[in-house]
Every structure is written in C-alpha cells, then in structure tokens.
Amino acid sequence: MKNAYVTGASQGIGKEFVRALCKNYNVFLISRSESDLKKVILELEPSSRGMLKYFSFDLTKKKDQEELSHIISKDKDFEMLVNNAGFGTVGEFANLDLEKELEEINLNVKALVTLSHTALNSFKKNKKGYLVNVASIAGYLPAPGSAIYAATKAFVKSFTESIYEEAKPFGIHVQALCPGLTHSDFHQRAGIKKSKYPDFMWQSAEDVVEESLTALKYNQAVCITGSVNQGAITIAELIPRGLLRRISGKFLTLDGK
C-alpha cells in the first residue's frame, strides 16, 4: 500500500481527506495538536484499510517545514500529498497583529511551497503522484476584512495552476482545490460568525473532499466545489473589479462594525 500525507489533518477538510484516503493508502496525519491527531486516529482506525500514523509539527515554523520535507523525501512509497494546513484572520489589516499575519503567510504559502517542491521531485522520479493544494474561492476575490487570507489563497491557486502544467508531462496529477464556506472549526478560530451566511452557501467537508478526489482522478487543475460557488465565481469574473471590491466590502463587513 502506498503512502499519503495530509497536513491540517486534525479537523474539517483535512480530517475528511484522511477518512477517504485511508481506504486505499497508509495515511500520515500532520497537525500541531498531538492530542487532536490521536483522537482522529482513534476514530478512523477501525474503518481504515491502511496504517494511520501522525507527526506533530507546527508548519508555521521553518524548522518543522524542513523536517517534514525531509521525511517525505526519504519515503519510497510516497504517492500523495494534501496541503490543507492553513488559517485565516479577520479584521482591518492595519489593526491586526503583524506577527500573526506573517505566521499566516508562513503556513498558507511557505509551508505549501516547500512541501510541493519536495513532492514534485519525488513524483518525477516515479512518473506518478498526486498533489492537492487547498486554496479557496476567496482566492478569486478581493476580501476586505480578510486581506491576507484571500491573498495567500490567490497565490496558492495561481502557483498550483502553474505547476500543474509543469508536472503534467511526468504523469503527475496536481489540483488547486477551491472550496467555499465549509462546515469546520476554521471559521470559529478565525472569528467569523457562521450565522452571517445562509445555509445554502455551506458545504460539508465530506462533500468537498468527494468532489476533490473525483476531479483529481480526471486530473482537473482547479476544483471549485459546489454549484453555488461555481455560479458565484462565474458571475464575479464578469463584474468590473472596482464594483466587485465594493460589493465584497459590503458583503464581508467586519463583525462588530
């Protein structure tokens, strides 16, 4: 059985990737919280066909990024990487803690780039491999109140589309996964009130992962999950940017303002 690695594996989309992949892979779960990782393994192990193991790494730190990269590079059975780890912050950028914003860039961008580089070099040797980089529909939009998050996801989308073309001749499947509002603890940690958004805009993490893996099978470069999100992005791309910024600014009005 081949090996898959999932970052941000302790909850939400990452956890659901583990649930889906453990039917066909040995899965290595990566997150900061050792206790949360142990809980996930305890829950999923009974239904897993492969082995489940974990690494407790803080991927905002360069040292941990490099250590995980080294582990992956030495794994002869490595076949799949899901770069899901990430977080968002909410508020006017000038008022937010700069160190926290830079940590967000380290995790959402630098860790993803480091691990993607390692994965692609391993996959090229084997003429096979699967790489999923989790972006967001926020990467298509200006996002007043979530400026760094949207910017990092725009980077992930553009970067992943570029390496998709580079990797394609080697038999490597690369995907930028762009979900919208997804039920998880992400929004609570970011300080976003889920009640602000109507029910029809939300997807389950399970549905997001199912769509992603189906699209990955057919080597689709970008997977925007859910018909609501697909329609919203289609419309947004037709709107002049100045107007889109104003609409986004009103729709994403900061909590408490």
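Residues numbered from 1 in each chain as written. Predicted model: local features only at pLDDT ≥ 70, side-chain atom pairs only at ≥ 80, totals over all residues. Heavy atoms only, no water.

A.B. asks: Explain the overall build of the chain here, please?
C.D. replies: Counting its secondary structure elements, the chain contains 9 helices and 9 strands. The 257 residues of the chain split such that 52% are buried. Long-range pairs, those at least 24 residues apart, make up 69% of the contacts in the chain between residues at least 6 apart in sequence. As displayed, the chain offers around 12800 Å² of accessible surface, 54% of which is attributable to carbon and sulfur atoms. (Helix = DSSP H or I, 4+ residues; strand = E, 2+ residues; numbered from the N terminus. Buried < 20%, exposed > 50% of the residue type's maximum accessible area, 1.4 Å probe, protein only. Contact = heavy atoms within 4.5 Å. Areas by Shrake-Rupley, 256 points an atom, 1.4 Å probe, with all protein chains shown as cover.)

A.B. asks: What's the story with the packing of aromatic side chains in this structure? I'm lost.
C.D. replies: A ring pair, where both rings are aromatic, is described by two values, the distance of the centres and the angle of the planes. Under the defined criterion, the tally for this structure stands at 6 aromatic pairs. Their ring planes at 15 degrees and their centres at 4.8 Å tell us that Tyr-5 and Phe-28 sit as a pair that is stacked. Of this pair, Tyr-5 sits in strand 1 (residues 3-7) while Phe-28 sits in strand 2 (residues 26-31), and the two are 23 residues apart along the sequence. An aromatic cluster is defined as three or more aromatic residues linked by ring pairs; in this entry it consists of Tyr-5, Phe-28, Phe-55, Phe-57, Phe-78 and Phe-123. (Phe/Tyr/Trp six-rings, centres within 6.5 Å; stacked < 30°, edge-to-face > 60°.)

A.B. asks: So what exactly am I meant to see when it comes to the packing of helix 1 (residues 12-21) against helix 2 (residues 34-44) here?
C.D. replies: Each pair of packed helices can be summarised by the angle the axes make with each other and by the distance between the axes. Running from amino to carboxyl end, helix 1 crosses helix 2 at an angle of 35 degrees, the nearest separation of the two axes being 11 Å. Note on packing geometry: the crossing formed by helix 1 with helix 2 is right-handed. Across the interface between the two elements, Lys-15, Val-18 and Arg-19 from helix 1 touch Val-40, Glu-43 and Leu-44 from helix 2. Taken together, the residues of the contact of helix 1 with helix 2 sort by class into 3 nonpolar, no polar and 3 charged. (Axes fitted to C-alpha atoms, helices over the stretch in contact; angles between N-to-C directions. Left-handed = near helix turned anticlockwise from the far one by under 90°. Nonpolar A, V, L, I, M, F, W, Y, C, P; charged D, E, K, R; others polar.)

A.B. asks: I keep staring at the environment of Asp-58 and nothing clicks. Help me out?
C.D. replies: With respect to the helices and strands, Asp-58 occurs in the loop between strand 3 (52-56) and helix 3 (62-73). Here the alpha-carbon distance between Asp-58 and Ser-33, two residues 25 residues apart in the chain, equals 8.6 Å. The residues contacting Asp-58, other than those within four sequence positions of it, are Arg-32 and Asp-64. Only 2.7 Å separates the side chain of Asp-58 from the side chain of Thr-60, close enough to count as a polar contact. (Polar contact = N/O pair within 3.5 Å; in protein donor to acceptor, adjacent residues only side chain to side chain.)

A.B. asks: Help me out: how do you make sense of the pairing of strand 6 (residues 172-178) in this one?
C.D. replies: Residues in a regular strand project their side chains so that they alternate between the two faces of the sheet. Judged by how many residues are buried, strand 6 sits mostly within the fold: 7 of 7 residues are covered. Both faces of strand 6 are covered, namely the face carrying Ile-172, Val-174, Ala-176 and Cys-178 and the face carrying His-173, Gln-175 and Leu-177. Bridge count for strand 5 (residues 129-134) against strand 6 is 6 bridges, and the pairing is parallel. Looking at the pairing, Leu-131 lines up with Val-174 of strand 6. (Pairing = 2+ DSSP bridges.)

A.B. asks: Hey, could you run me through the layout of surface pockets in this one?
C.D. replies: What the second largest pocket holds in volume is close to 360 Å³. Looking at the lining of the second largest pocket, the elements with two or more residues in it are helix 1 and helix 7 (205-217). Here the lining of the second largest pocket gets 6 residues from one element, more than from any other, and that element is helix 7. Here the residues of the lining of the second largest pocket are counted per class, giving 8 nonpolar, 1 polar and 6 charged. (1 Å grid on protein atoms, 1.4 Å probe; cavity = no way out; pocket = protein on both sides within 12 Å on 5 of 7 lines; lining within 4 Å. Points joined across faces, edges and corners; volume = space filled by probe spheres on them.)

A.B. asks: I tried to follow helix 8 (residues 227-236) on my own but got confused; where do I start?
C.D. replies: Side chains three or four residues apart in an α-helix point the same way, a direct result of the helix having 3.6 residues per turn. For helix 8, the full list of buried residues reads Asn-229, Ile-233 and Ala-236. Summarising the axial view, the buried residues of helix 8 lie within an arc of 65 degrees, below the 170-degree limit, and thus occupy one face. Counted as exposed and oriented over 90 degrees from the buried face of helix 8: Ser-227 and Ile-235. (Arc of directions from axis to C-beta.)

A.B. asks: Explain the pattern of salt bridges here, please?
C.D. replies: Two side chains carrying opposite charge are able to pair once their charged atoms lie near each other. What the rule picks out here adds up to 9 salt bridges. Salt-bridge contacts for Glu-161 lead to Lys-157; the nearest nitrogen and oxygen are separated by 2.8 Å. Linking Glu-161 with Lys-157, this pair stays in helix 5 (residues 147-167), spanning 4 residues, or about one helical turn. In this structure Glu-161 comes out as partly exposed when scored by relative accessible area, which is 31%. Overlapping salt bridges bring together Lys-15, Glu-16, Arg-19 and Glu-43 as one network. (Salt bridge = Lys/Arg side-chain N within 4 Å of Asp/Glu carboxyl O.)

A.B. asks: Looking at this model, I keep getting lost on empty space enclosed by the protein. Mind explaining?
C.D. replies: If a probe as big as a water molecule is rolled over the atoms, it shows which places are left empty. Counting across every chain of the model gives 2 cavities of 30 Å³ or more. Here the largest cavity defines a volume of roughly 40 Å³. Lining the largest cavity are Thr-7, Leu-59, Asn-83, Asn-84, Ala-85, Leu-107, Ala-111, Leu-112 and Leu-115. Of the volumes computed, that of the second largest cavity is approximately 30 Å³. Surrounding the second largest cavity, Thr-89, Gly-91, Phe-93, Leu-96, Glu-101, Gly-145, Ser-146, Ala-147, Ile-148 and Tyr-149 form its lining.

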